[in-house]
Amino acid sequence: MSVWVDLQGQESVVAQLRRAAQSSAPTHAWLLTGPPGSGRSNAALAFAAALVCEQPELAARGCGACKACHTTMSGTNADVTFVATEKTTITIEEARSLVRKAHDSPSSARWRVMIVGDADRMAERTTNVLLKAIEEPPPRTIWILCAPSPADVLVTIRSRCRTLTLRLPPVADVAALLVRRDGIDPELALIAARAAQSHIGIARRLASDVGARERRDTTVRLPLNLRDVTTAVQAAASLLELAQAEAASSNEERDAVEKATLLRNLGAPETGTLPPSLRSQVRALEEDQKRRAKRSVTDHLDRALTDLLSFYRDVLVLQLDARGGSDVEHSSVELVNETLRGPLVEFAGRARPEVTLQRLDAINAARRRLTTTNAAPLLALEAMAVSLL
């Protein structure tokens, strides 16, 4: 099965990448942009697989059947380096390591491919480390950078890259992918795809995890229970506790495995006092895990606020539909939260569209504070929740 098959709704981008993979001299630097869930990283991996594919026929590059394609898609190909970060930023040391790696000749493929999955998570100083390597790459080295938008990457970098923009695929395409690849029931797949707003990864999680669906439902119903400042403050605390619990749950087991692996590789005991010569390495790992945990909480909060936005998006759609003279209760307008149509219709009737827009702005302001500043999460959430009254 071709490496391109899971890139739903990206026909134009796939066509350009396939042509480049079949070329004897493809562009040396690429910037793949698109909103979260559009499949930037998947597109980068598929392109890398096509570039190193062992299939002799040019038109079949990215066959998905050869060893090079399999190892690339699984992240183990020696000629493809994929770097992303689960911390707040990609460090300058990681960038320097990438530059050194980029100068290695490919071991068996036509190209050495360097993928930066979170190019938007590099400080300016870190990005400048990559600048010369991208501007004048070693022979047979291709760079692929991924970011939400061109504006998230320094102009000096993006001016040296060929930019392709992915879009969120249609809900029906995401649902079809879940049915075909994951064996999800078609009705559940459609509900999950719509609730995830076409974000493929989140749609898969919602379709396969009952707990995830329940947590999302709790978040989306939050505005229905806001009555006064007290309930707003309680709702903010609940959102933060949920994000912290999910982050701890996803990181706890992984942290323990990483520490045990490090101690085993160092030949140190897993319990008891460590020799002074080993403490610094364990401390460095623990610091990395703390930074990852911080980003994990922020990411979970951002997702919760995105779900909250979908509630007010549906409210606004219903309000504008009503202004157009439609019977919103029986309207055919598609809602993200279709299962809540009744409560949404009732809620929409109690406010004006202008108020709903103000509430959408309040949520987006909280997202910006949480992801781009050092604002205390609880205070940012409390200010947002009070603004929703």
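Residues numbered from 1 in each chain as written. Predicted model: local features only at pLDDT ≥ 70, side-chain atom pairs only at ≥ 80, totals over all residues. Heavy atoms only, no water.

Got a minute to help me understand the packing of helix α4 (residues 92-102) against helix α5 (residues 124-135) in this structure?
The relative placement of two packed helices comes down to the angle between their axes together with the axis-to-axis distance. α5 packs onto α4 with a crossing angle of 10 degrees between their chain directions and a minimal axis gap of 8 Å. Regarding the angle of α4 to α5, the classification is roughly parallel. Here α4 contributes Ile 92, Ala 95, Arg 96, Leu 98 and Val 99 to the contact with α5, which in turn contributes Arg 125, Thr 126, Val 129, Leu 130 and Ala 133. Classifying every residue of the contact of α4 with α5 by side-chain character gives seven nonpolar, one polar and two charged. (Axes fitted to C-alpha atoms, helices over the stretch in contact; angles between N-to-C directions. Helix = DSSP H or I, 4+ residues; strand = E, 2+ residues; numbered from the N terminus. Parallel < 35°, antiparallel > 145°, perpendicular 65-115°, else oblique. Contact = heavy atoms within 4.5 Å. Nonpolar A, V, L, I, M, F, W, Y, C, P; charged D, E, K, R; others polar.)

Looking at this model, I keep getting lost on the layout of surface pockets. Mind explaining?
Sizing a probe to match a water molecule and rolling it over the atoms shows the empty space that remains. Put simply, the second largest pocket is a space of about 260 Å³. Around the second largest pocket, the lining comprises 14 residues; the ones closest to its centre are Ile 191, Ala 195, Arg 216, Asp 217 and Thr 339. Secondary-structure elements contributing two or more residues to the lining of the second largest pocket are α8 (186-195) and α10 (210-220). Class assignment for the residues of the lining of the second largest pocket results in seven nonpolar, two polar and five charged. When residues of the lining of the second largest pocket are assigned to domains, at least three fall in each of domain 2 (169-208) and domain 3 (229-271 + 279-323 + 334-387). (1 Å grid on protein atoms, 1.4 Å probe; cavity = no way out; pocket = protein on both sides within 12 Å on 5 of 7 lines; lining within 4 Å. Points joined across faces, edges and corners; volume = space filled by probe spheres on them. Domains from an automatic or database assignment.)

Would you explain the sheet that holds strand β4 (residues 141-147) in this entry?
Strand pairing within a sheet occurs via backbone hydrogen bonds; the two strands may be parallel or antiparallel. One open sheet holds the five strands; their spatial order is β2-β3-β4-β1-β5, and the pairing between them is parallel. The open sheet has two edge strands, β2 (80-83) and β5 (162-165), and neither has a second partner. The sheet shows a mean angle of 15 degrees between the axes of neighbouring strands, taken without regard to direction. Bridge analysis of β2 against strand β3 (residues 112-116) gives four bridges, and the strand direction is parallel. Bridging from a neighbouring strand, Val 83 pairs with Val 116 of β3. Relative to β4, helix α2 (residues 40-52) is tilted by about 165 degrees, and along the sheet it contacts β1 (29-33), β2, β3 and β4. (Pairing = 2+ DSSP bridges.)

What exactly am I supposed to notice about empty space enclosed by the protein here?
This structure, assessed with the given rule, holds one cavity of 30 Å³ or more. Lining of the largest cavity is provided by 15 residues; of these, Glu 246, His 300, Arg 303, Ala 304 and Asp 307 occupy positions nearest its centre. Counting residues per element, the ones that place at least two in the lining of the largest cavity are α9 (200-208), α10, α11 (229-266) and α12 (276-323). Residue composition of the lining of the largest cavity, by class: seven nonpolar, two polar and six charged. Per-domain counts for the lining of the largest cavity show at least three residues from each of domain 2 (169-208) and domain 3 (229-271 + 279-323 + 334-387).

When you look at the domain arrangement of the protein in this model, what are you seeing that I'm missing?
Domain parsing of the protein yields domain 1 (11-165), domain 2 (169-208) and domain 3 (229-271 + 279-323 + 334-387). When each unit is reduced to the centre of its C-alpha atoms, the spacing between domain 1 and domain 3 is 30 Å.

Got a minute to help me understand the side chain of Asp 79 in this structure?
Considering the arrangement of structural elements, one finds Asp 79 in the loop between α3 (67-74) and β2. Side chain to side chain, Asp 79 and Arg 112 meet in a polar contact 3.4 Å long. With near-sequence residues (within four places) excluded, Asp 79 lies in contact with Pro 106, Ser 107, Ser 108, Ala 109, Trp 111, Arg 112 and Val 113. (Polar contact = N/O pair within 3.5 Å; in protein donor to acceptor, adjacent residues only side chain to side chain.)

Please clarify how the environment of Glu 258 should be interpreted in this entry.
Assignment of secondary structure puts Glu 258 in helix α11. Overall, the relative accessible area of 23% leaves Glu 258 in the partly exposed class. (Buried < 20%, exposed > 50% of the residue type's maximum accessible area, 1.4 Å probe, protein only.)

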